[in-house]
Amino acid sequence: MGFFSAARQGHKDDAELGKGLWRRAHDRFHRGLDRFHQVLEGVEDDQLYGELVDIANELAALSERVRAVCMEAQRRSPSEGLDIPVALSGVHRELSKAGNSLATTAEAAAMLRLAVGPVPVGAASVRRRAEAVFQQVSDAEKRLHESAS
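This report concerns the structure included in the present document. Only a predicted model underlies this, so the values are computations on that prediction, with no experimental measurement involved.

### Concerning the overall build of the chain
Tallying secondary structure elements over the chain gives five helices and zero strands in all. Order of helices (α) and strands (β) in the chain, N terminus to C terminus: α-α-α-α-α. Taking all 149 residues of the chain together, the buried fraction comes to 40%. Within the chain, contacts between residues at least 6 apart in sequence are counted, and of these 79% link residues at least 24 apart. Roughly 8,500 Å² of accessible area belongs to the chain as shown, and the carbon and sulfur atoms make up 53% of that amount.

Here you go:
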């Protein structure tokens, strides 16, 4: 991304996500995805690489859902700081957990990349951690929907 397109994206993010809590939750998730993709670059085993790419693609598909949750949360409870609005505290908690789980998923992938010899169970440990991310994003969406009622 060039300088001007990065600046335009930053302004768009500021308008849609604010500069506070919801922007931080979105950016943390995005950094976790970037880290996971960086780990992929060093995987030499073709079978393991294929399994990890599938997981990476599924996690990347969550990015738009996370952005949508953060945008709606910003619309309902605009945030320029780090104060968590009571009405959306459950949404924030699930987004935080999803960001943390994504980081541990990338860490699990990195550990597999460093394994010596064939990995007998493939990417099963990474898949288990990724399942937590999927569930937490789903829970954030559910809590956001419930808070509107």
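### Here's the deal with the packing of helix α2 (residues 21–40) against helix α3 (residues 46–76)
Running from N to C, α2 and α3 cross one another at 170°; their axes reach a closest spacing of 9 Å. One finds that α2 runs roughly antiparallel with respect to α3.

### Notes on the environment of Arg 76
Of note, Arg 76 is situated in helix α3. Distance in space between the C-alpha atoms of Arg 76 and Leu 144 is 9.9 Å, their sequence separation being 68 residues. Ignoring anything within four residues of it in the chain, the contact list for Arg 76 reads Leu 88, Leu 144, Ser 147 and Ala 148. A distance of 2.9 Å separates polar atoms of two side chains, one belonging to Arg 76 and the other to Glu 72.

### Side note on the pattern of salt bridges
Overall, the coordinates contain nine salt bridges when judged by the stated rule. Arg 67 is paired through a salt bridge with Glu 16; the nearest N and O atoms lie 2.5 Å apart. In this pair, Arg 67 is assigned in helix α3 and Glu 16 in helix α1 (residues 3–17), connecting sequence segments 51 residues apart. A salt bridge links Glu 72 to Arg 76; its shortest N-O distance comes to 2.9 Å. Linking Glu 72 with Arg 76, this pair stays in helix α3, spanning four residues, or about one helical turn. Salt bridges linked by common partners bring Glu 58, Arg 127 and Glu 131 together as one network.

### Concerning helix α5 (residues 124–148)
Along its 25 residues, α5 runs 37 Å from first to last C-alpha, staying within 8% of the 36 Å computed at 1.5 Å per residue. Turning to α5, its buried residues are Ser 125, Val 126, Ala 130, Val 133, Phe 134, Gln 136, Val 137, Ala 140 and Leu 144.

Conventions and cut-offs
Residues numbered from 1 in each chain as written. Predicted model: local features only at pLDDT ≥ 70, side-chain atom pairs only at ≥ 80, totals over all residues. Heavy atoms only, no water. Helix = DSSP H or I, 4+ residues; strand = E, 2+ residues; numbered from the N terminus. Buried < 20%, exposed > 50% of the residue type's maximum accessible area, 1.4 Å probe, protein only. Contact = heavy atoms within 4.5 Å. Areas by Shrake-Rupley, 256 points an atom, 1.4 Å probe, with all protein chains shown as cover. Axes fitted to C-alpha atoms, helices over the stretch in contact; angles between N-to-C directions. Parallel < 35°, antiparallel > 145°, perpendicular 65-115°, else oblique. Polar contact = N/O pair within 3.5 Å; in protein donor to acceptor, adjacent residues only side chain to side chain. Salt bridge = Lys/Arg side-chain N within 4 Å of Asp/Glu carboxyl O. Expected span 1.5 Å × (residues − 1).

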